[in-house]
Amino acid sequence: MYFLIITFGLMLAMRGSRPARLEKPGEGGVRVLRGAADFFLTVSLTLALWTVLVACEATQTTAREYAILGFGIFNYLLSRYQKKTEVFFLAAATVSFVISVKQADLLNGLSLAWAVSAGMALFQTCFLGLRYKLLFSRVPPSIKGWPVLCLLAAFISLTLWSLGRLVF
Amino acid sequence: MFLAYLPLAVFPFDFIRTGAAVSWIVLFLWGTVAFFWFTRRFFPGRSLKPAFFLWLLVWAQAVWTLTKLPPVWILSVFFLMPVSFLDDTVKARRIRLFSKEVPRYFFERALAGIGFAGFVMTMTLVREIAEKRLGIQVFDQPAGFLLVAAALAFLWKNQPYGKR
């Protein structure tokens, strides 16, 4: 699950929404939190609908057999309604599917969805803050761009991992 | 390229299974590019995007049913597709089938696929050696592949004969 948080957190930080101006980190932070809340609600709604469909005898077999297709179409419609990017829809569909495979119980699934969304929000907030700080640092041109972004993501990942081990 | 690798990092397979997965992704990418290149004009208005995503989902479902490969690979295909493909503002130009642009377009896509496969296999090889042979614990978590990716990005950016 930790891999899910870091990889999808980084993916959404890079392509998840229309890029906010780095010069205004507060605006970006609000967007990150709103995005995480949207992500949690989208995944939760998908999981809840899937649980209902699996619970009904008439739709049980179809829901199980065509889970990916169902998750995908439902998330696509939801993300179009929310005017989200394609990455958001693909990430929500994939995370919903992974959680449904790991946790058949709805409550456990929702708590996992909450943990993933909160983790992604934390990761993206740290990432945004560090990118903002980089604006005032003398970063050598040779590591500007992807090298420094990957380094930042690696350091945040290490820190969150250590914090997680301390707490749990 | 790196964003396309990220979904594969969620399920770290061994070398052979990664090879099989990445081969499928690259073959599927080439098939998708060819399919939509030839049929793009048949999708009116803004129906190209939904058609593309439905295509991805149907294939993800089929592959999951047959091989139990998690559907994260469709994200890799999405990131490897040409940027202009899903841009609503870009209109498809009329290109003659036997013009010079066609081989160039497909050659670029072929290179993207081969480059992606090489990148993924390099990352997997480094992880296998570092985690299993050398026992470096940082490779048990995402920080490992992010550090390797940072090193590769640095080397790529500062290649001695790169364009200035």
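Preceding block: the structure.
These remarks concern the structure in this document.

About the criteria used
- Residues numbered from 1 in each chain as written.
- Chains lettered and ligands numbered in written order.
- Predicted model: local features only at pLDDT ≥ 70, side-chain atom pairs only at ≥ 80, totals over all residues.
- Helix = DSSP H or I, 4+ residues; strand = E, 2+ residues; numbered from the N terminus.
- Buried ≥ 20, exposed ≤ 12 C-beta atoms within 10 Å, placed from the backbone.
- Contact = placed C-beta atoms within 7 Å.
- Core = buried A, V, L, I, M, F, W, Y, C linked by C-beta atoms within 7 Å.
- Axes fitted to C-alpha atoms, helices over the stretch in contact; angles between N-to-C directions.
- Parallel < 35°, antiparallel > 145°, perpendicular 65-115°, else oblique.
- Left-handed = near helix turned anticlockwise from the far one by under 90°.
- Nonpolar A, V, L, I, M, F, W, Y, C, P; charged D, E, K, R; others polar.

**Some details on the overall build of chain A**
Regarding its fold elements, chain A presents seven helices and zero strands. Scanning chain A from its N terminus toward the C terminus, one meets helices and strands in the order α-α-α-α-α-α-α. Across its three principal directions, the C-alpha atoms of chain A cover 65 × 35 × 25 Å. Burial statistics for chain A: of 168 residues in total, 40% are counted as buried. Considering only contacts in chain A between residues 6 or more positions apart, those separated by 24 or more positions represent 74%.

**Side note on the nonpolar core**
By size, the foremost hydrophobic cluster in this structure holds 83 residues, and its most contacted members are Ala91(A), Val95(A), Met120(A), Ala153(A), Val77(B) and Leu146(B). The greatest single-element share of this core, amounting to 11 residues, is contributed by helix α5 (residues 86-102) of chain A. Setting aside its immediate chain neighbours within four residues, Val77(B) contacts Ile25(B), Phe28(B), Leu29(B), Thr32(B) and Leu56(B).

**Let's talk about the packing of helix α4 (residues 67-81) of chain A against helix α3 (residues 48-67) of chain B**
Contact pair α4(A) / α3(B): the axes reach a minimum separation of 8 Å and the direction vectors enclose 155 degrees. Of the possible angle classes, the one that applies to α4(A) and α3(B) is roughly antiparallel. α4(A) and α3(B) meet at a crossing whose hand is right-handed. Counted together, Ile68(A), Leu69(A), Gly72(A), Ile73(A) and Tyr76(A) of α4(A) and Phe53(B), Leu57(B), Val58(B), Ala60(B), Gln61(B) and Trp64(B) of α3(B) form the full contact between these two elements. Split by residue class, the contact of α4(A) with α3(B) holds nine nonpolar, two polar and no charged.

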